[in-house]
Amino acid sequence: MILLNNIHILGDGLKHIQISGGKITAIAAEKFSPGDNDIHLTFDNVIAFPGLINSHDHLDFNLFPQLGNRFYNNYTEWGNDIHAQNKKEIEAVMQVPQGLRTKFGIYKNLLNGVTTVVNHGEYLKIDVPVINVFQDCYSLHSVQFEKGWKQKLNKPFTKDIPFVIHAGEGTDEVSQQEIAELIKWNFFKRKIIAVHGVAMNNEQAKHFDALVWCPVSNYFLLNKTADIKALKKHTKIIFGTDSTLTAGRNIWEQLRFARSLQLLSDEELYNSITAEPAAVWGLQGAGKIAEQYNADIVIVKRKNGINDFDSFFALNPEDVMLVIKGGEIRLFDESLYKQLAHYNPVFSSFSKACINEVCKYAEGDRSNLIKEIRRLYPVAGLSF
């Protein structure tokens, strides 16, 4: 059992949380008294919220620097350009085996407070299941780059799981027509979750179960993002980071950028990375801190003198104090080391990761992972 005392749950005030069997078994106004075998942590001035759900990443593409040489009309222009102009940078990253690149992408998400990430692309074998890597969907790249996408979309007797596809990632007429073609060829009205949708209009939005919004990636490539303020009236909006090919590693910087656009309210933006994607992806018991929900919890430093949402959107990875996934501690801040030290060997398999001189302990051997990546790709920027 894990007992978390003195926790300010975002939107719910000061509480104390009991965890057992991977679930939140009690949330109380009074502190819990620990038993002999309980992991017991007491905090001061922290906020807790459900583990973040990143609805779009390419986990094996997170060693890349952002690659782009200008603004583009659409993703095909961008793809062709970087393969012509940035061939050496691409080849340097691709020398690192996919398994190592995938592990790095997983840790990128963990260090940000993400407990579920949706991987887009080929099915990846996950050797470090410190967070939930969601791949229970049919992943199509795009209308332009996915061979046989019409046949795959309309294949008989498919499982009742969503199709996920980049759609309308551009600012030109071609990009809008691409969405129209996708809708036209969805003969069996499959559940489709679109990614980006920069060229999407209101009528088109009605044909999709959700739209994954990646504003930083959109502005880097296209200098524009989707009309989320209008589209949210016609489909669900969920948040994604994309990979470091087009966006930075810090999800909190991306959330602040999204907030600055004022296309979603604070509550809508918060829900787009918690409760809303839990519903869209069918993640039972996720997206909320409540009794009998999954114990996917992030605890962070609380910023003094500002309200909950201002404190939430002011965060950075170094502010993450504790990440619990499935009732197990996956990451903790160095300041909690004394409280946790006597629970060894439970945490003997954790390795240190420092972000802006603030150190964390993450489950698994991330230290050797970084050493091996640096050996193969010496110029890699691996700040966290």
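Below is a summary of the structure that appears in this document. All values reported here derive from a predicted model rather than from experimental measurement.

Topic: the state of the cysteines
By definition, a disulfide is the covalent link that joins the sulfur atoms of two cysteine residues.
Line of reasoning, step 1. A complete count under the given rule lists 1 disulfide for this structure.
Line of reasoning, step 2. Here Cys 354 pairs with Cys 359 through a disulfide, and the sulfurs are 2.0 Å apart. Looking along the S-S bond of the Cys 354-Cys 359 disulfide, the torsion reads about 90°, which is the right-handed sense.
Line of reasoning, step 3. Exposure remark for Cys 354: the relative accessible area of 35% places this residue in the partly exposed category.
Line of reasoning, step 4. Exposure remark for Cys 359: the relative accessible area of 12% places this residue in the buried category.
Line of reasoning, step 5. Cysteine Cys 137 remains unbridged, with the sulfur of Cys 214 as its closest cysteine sulfur at 14 Å.
Line of reasoning, step 6. For Cys 214, a relative accessible area of 0% puts it in the buried group.

Concerning the side chain of Arg 190
Line of reasoning, step 1. Turning to its location among the elements, Arg 190 is positioned in the loop between helix 5 (173–184) and strand 11 (192–196).
Line of reasoning, step 2. Salt bridges are absent for the buried Arg 190, whose nearest opposite-charge side chain, Asp 160, sits at 7.6 Å.
Line of reasoning, step 3. Separated by 2.4 Å, the side chain of Arg 190 and the backbone oxygen of Lys 155 make a polar contact.
Line of reasoning, step 4. Contacts of Arg 190, omitting those with residues within four sequence positions, involve Leu 153, Asn 154, Lys 155, Pro 156, Thr 158 and Phe 163.

Overview of the packing of aromatic side chains
Line of reasoning, step 1. Counted under the stated rule, the structure contains 19 aromatic pairs.
Line of reasoning, step 2. Between Phe 49 and Trp 252 the ring centres are 6.0 Å apart and the planes differ by 70°, which places this aromatic pair in the edge-to-face class. On the criterion of sequence distance, the pair formed by Phe 49 in strand 5 (residues 46–50) and Trp 252 in helix 9 (residues 251–261) is long-range, its members being 203 residues apart.
Line of reasoning, step 3. Between Tyr 270 and Phe 312, the aromatic rings sit 5.1 Å apart at their centres with planes inclined by 85°, giving edge-to-face as the arrangement. Taken together, the residues span a long stretch of sequence, with Tyr 270 in helix 10 (residues 266–271) and Phe 312 in helix 12 (residues 308–313) at a distance of 42 residues.

Analysis parameters
Residues numbered from 1 in each chain as written. Predicted model: local features only at pLDDT ≥ 70, side-chain atom pairs only at ≥ 80, totals over all residues. Heavy atoms only, no water. Disulfide = S-S within 2.5 Å. Buried < 20%, exposed > 50% of the residue type's maximum accessible area, 1.4 Å probe, protein only. Helix = DSSP H or I, 4+ residues; strand = E, 2+ residues; numbered from the N terminus. Lys, Arg positive; Asp, Glu negative; His and termini not counted. Salt bridge = Lys/Arg side-chain N within 4 Å of Asp/Glu carboxyl O. Polar contact = N/O pair within 3.5 Å; in protein donor to acceptor, adjacent residues only side chain to side chain. Contact = heavy atoms within 4.5 Å. Phe/Tyr/Trp six-rings, centres within 6.5 Å; stacked < 30°, edge-to-face > 60°.

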